[in-house]
Amino acid sequence: MTHDTSSPDTQWPLWEVFVQPKSGAPHEHAGSVHAPDAEMALQNARDVYARRGEAVSLWVVKAEQIVASSPEDRGPFFDPARDKVYRHPSFYRVDRSLKFE
Amino acid sequence: MKLPSGVSRAQLFEYLLRLGDERLVLGHRLSERCGHAPILEEDLALANLALDLLGQAEALLELAGQVEDAGRDADALAYFRDAIDFRNPLLVELPRGDFGFTMARQFLLDVYSHLHYTQLCESRFQPLADRAAKALQEIRYHLRHSRQWMLRLGGGTDESNARAQRALDEMWRFTDELFAVDGVEAELAGAGVAVNRSSLRPDWDSQVAEVLEEAGLRVPSDEHAVEGGLQGRHTEHLGHMLAEMQILARSHPGASW
């Protein structure tokens, strides 16, 4: 485990918090908390991001466990999609009476 | 307000003050931590707990005012009574101390409140039972929070263990009062309105002991018990706390914002 010693604002690891606003909805990233372990991370997440009844479910994930694309990947990862219109499902006519959740 | 049959208005008012003042004073002590908790997340957590307690206090004191039927609302009871008229147990008025003290007190009271309010939901006085049921939801979370902290303070470093133990040793002599029942409550308990708090003791003892053991902390030995808060005999700390808590309302009576 590595610590970023350039800004030692806490001795505790960082956890990313995902909030599910209602049953069936996806968990969405809400922010992060510091906590010594999983149970305290869950409690801190509750107190910081769900204390006003914003959630029916919470996930906490150790920030270091998240694998993220790096800024240098931006070109090769995402750019080629721009000029490939056939990747966008925009050629279908959709009945107006259909509703999207 | 219709009182339950066979219950004296004065006694019921007295009892509701005890319930409400316990929540109010504990809530205020906890609110003093706002901006002084060890980390931001815990700062928010403690402020949340304090707000829960103040909400419980307001509901109970509002009800007390209705039972008294003398035109006093929750604010009048909270801000315009002096220490001698407060009916909280002494444990809740002790200064907040260090974080170990704040949390150890919270834990002991959360275990107690959980047992207490579980039974209070069965009160024959329906307005009280309703308020207890609402508070119980909050208390369940409070207990989860403080229990986890006790495990971590006890099982953390030598320093955190020593501080938690010292806090427990210091406050232990004030815990008997939580289970002391006088004539007022005995009568109301007999009428099915109040909880006979002495009956909560065995469960409290075993639940507290279980967590302390897991946390590597000792259950303090029985000291000479200190009581009197329920009858209005307080430590010198309550007057100082009330001075701070009440000054705004007393300086600007009827102000709203």
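Residues numbered from 1 in each chain as written. Chains lettered and ligands numbered in written order. Predicted model: local features only at pLDDT ≥ 70, side-chain atom pairs only at ≥ 80, totals over all residues.

A. Representation of the overall build of chain B. Across its full length, chain B holds nine helices and zero strands. Principal-axis analysis of the C-alpha atoms places the extent of chain B at approximately 55 × 45 × 30 Å. With 257 residues in all, chain B has 43% of them scored as buried. (Helix = DSSP H or I, 4+ residues; strand = E, 2+ residues; numbered from the N terminus. Buried ≥ 20, exposed ≤ 12 C-beta atoms within 10 Å, placed from the backbone.)

B. Region of the structure containing the overall build of chain A. Of regular secondary structure, chain A possesses two helices and three strands. Helices (α) and strands (β) of chain A occur, in sequence order from the N terminus, as β-β-α-β-α. Taken across its 101 residues, chain A has 16% of its residues classed as buried. When contacts within chain A are restricted to residue pairs at least 6 apart in sequence, those whose partners lie at least 24 apart make up 46%. (Contact = placed C-beta atoms within 7 Å.)

C. Molecular detail of the packing of helix H4 (residues 99-120) of chain B against helix H6 (residues 158-171) of chain B. Residues and elements named next belong to chain B. At a minimum axis distance of 8 Å, the contact between H4 and H6 shows a crossing angle of 55°. Accordingly, the angle class assigned to the pair H4 and H6 is oblique. In this structure, H4 crosses over H6, and the sense of that crossing is right-handed. Within the contact between the two elements, H4 uses Gly100, Phe101, Ala104 and Arg105 and H6 uses Ser160, Arg163, Ala164, Ala167, Leu168 and Met171. (Axes fitted to C-alpha atoms, helices over the stretch in contact; angles between N-to-C directions. Parallel < 35°, antiparallel > 145°, perpendicular 65-115°, else oblique. Left-handed = near helix turned anticlockwise from the far one by under 90°.)

D. How the structure looks around the pairing of strand S1 (residues 14-20) of chain A. Residues and elements named next belong to chain A. Only one face of S1 is covered, namely the one carrying Trp15, Val17 and Val19; the face carrying Leu14, Glu16, Phe18 and Gln20 has none of its residues buried. Across six bridges, S1 lies against strand S2 (residues 28-34) in antiparallel orientation. Bridging from a neighbouring strand, Trp15 pairs with Val33 of S2. (Pairing = 2+ DSSP bridges.)

E. Representation of the nonpolar core. Residue and element names in this part refer to chain B. In terms of nonpolar packing, the biggest core is built from 62 residues, with Leu12, Leu16, Leu60, Ala64, Ala104 and Met150 touching the most fellow members. Looking at this core, the elements with two or more residues in it are helix H1 (9-31), helix H2 (40-68), helix H3 (74-79), H4, helix H5 (126-155), H6, helix H7 (183-190) and helix H8 (201-215). Once residues lying within four places of it in the same chain are set aside, the contact partners of Met150 are Met103, Ala104, Phe107, Ala164, Val211 and Ala215. (Core = buried A, V, L, I, M, F, W, Y, C linked by C-beta atoms within 7 Å.)

F. View of the interface of chain A and chain B. Contacts between chain A and chain B engage 12 residues on the former and eight residues on the latter. Among the elements of the structure, S2 and helix H1 (38-49) of chain A are those that each provide at least two residues to the side of chain A that touches chain B. When residues of the side of chain A that touches chain B are assigned to their parent elements, the largest contribution, six residues, is made by H1 of chain A. Grouping the constituent residues of the side of chain A that touches chain B by class yields five nonpolar, four polar and three charged. (Nonpolar A, V, L, I, M, F, W, Y, C, P; charged D, E, K, R; others polar.)

G. Up close: the sheet that holds S1 of chain A. Residue and element names in this part refer to chain A. As summarised here, the arrangement of the three strands in space is S2-S1-S3, forming an open sheet in which the pairing is antiparallel. Both edges of this open sheet fall to S2 and strand S3 (57-62), since each of them pairs with a single strand only. For this sheet, the mean inter-axis angle between neighbouring strands, taken without regard to orientation, is 30°. Packing of H1 onto the sheet brings it into contact with S1, S2 and S3, and relative to S3 it is tilted by some 125°.

H. Representation of the environment of Lys22 of chain A in the model. As for its position among the elements, Lys22 of chain A is in the loop between S1 and S2. As a C-alpha pair, Lys22 of chain A and Ala45 of chain A span 23 residues in sequence and 16 Å in three-dimensional space.

I. Main features of H5 of chain B. For H5 of chain B, built from 30 residues, the straight-helix expectation of 44 Å at 1.5 Å per residue is met to within 8% by its first-to-last C-alpha distance of 43 Å. Along its length, H5 of chain B shows its largest kink, about 30°, at Leu136 of chain B. (Expected span 1.5 Å × (residues − 1). Bend = angle between axes of the 7 residues up to and from the residue.)

J. The arrangement of the confidence of the model for chain B in detail. Across chain B, the average pLDDT comes to 95, with 100% of residues at or above 70. If you check the scores for this complex, the pTM reads 0.86 and the ipTM reads 0.73. (pLDDT = per-residue confidence, 0-100.)

K. Focus on the packing of H1 of chain B against H2 of chain B. All names here are of chain B. Where H1 meets H2, the closest approach of the two axes is 8 Å, and the angle between their N-to-C directions is 160°. With respect to H2, the axis of H1 lies roughly antiparallel. Classified by chirality, the crossing of H2 by H1 is left-handed.

L. Seen up close, the confidence of the model for chain A. The share of residues in chain A with pLDDT of 70 or more is 85%, and the mean pLDDT across the chain is 82. Ignoring residues within four places in sequence, the model shows residues 1-5 of chain A, a span with pLDDT below 50, making one contact including any to other chains.

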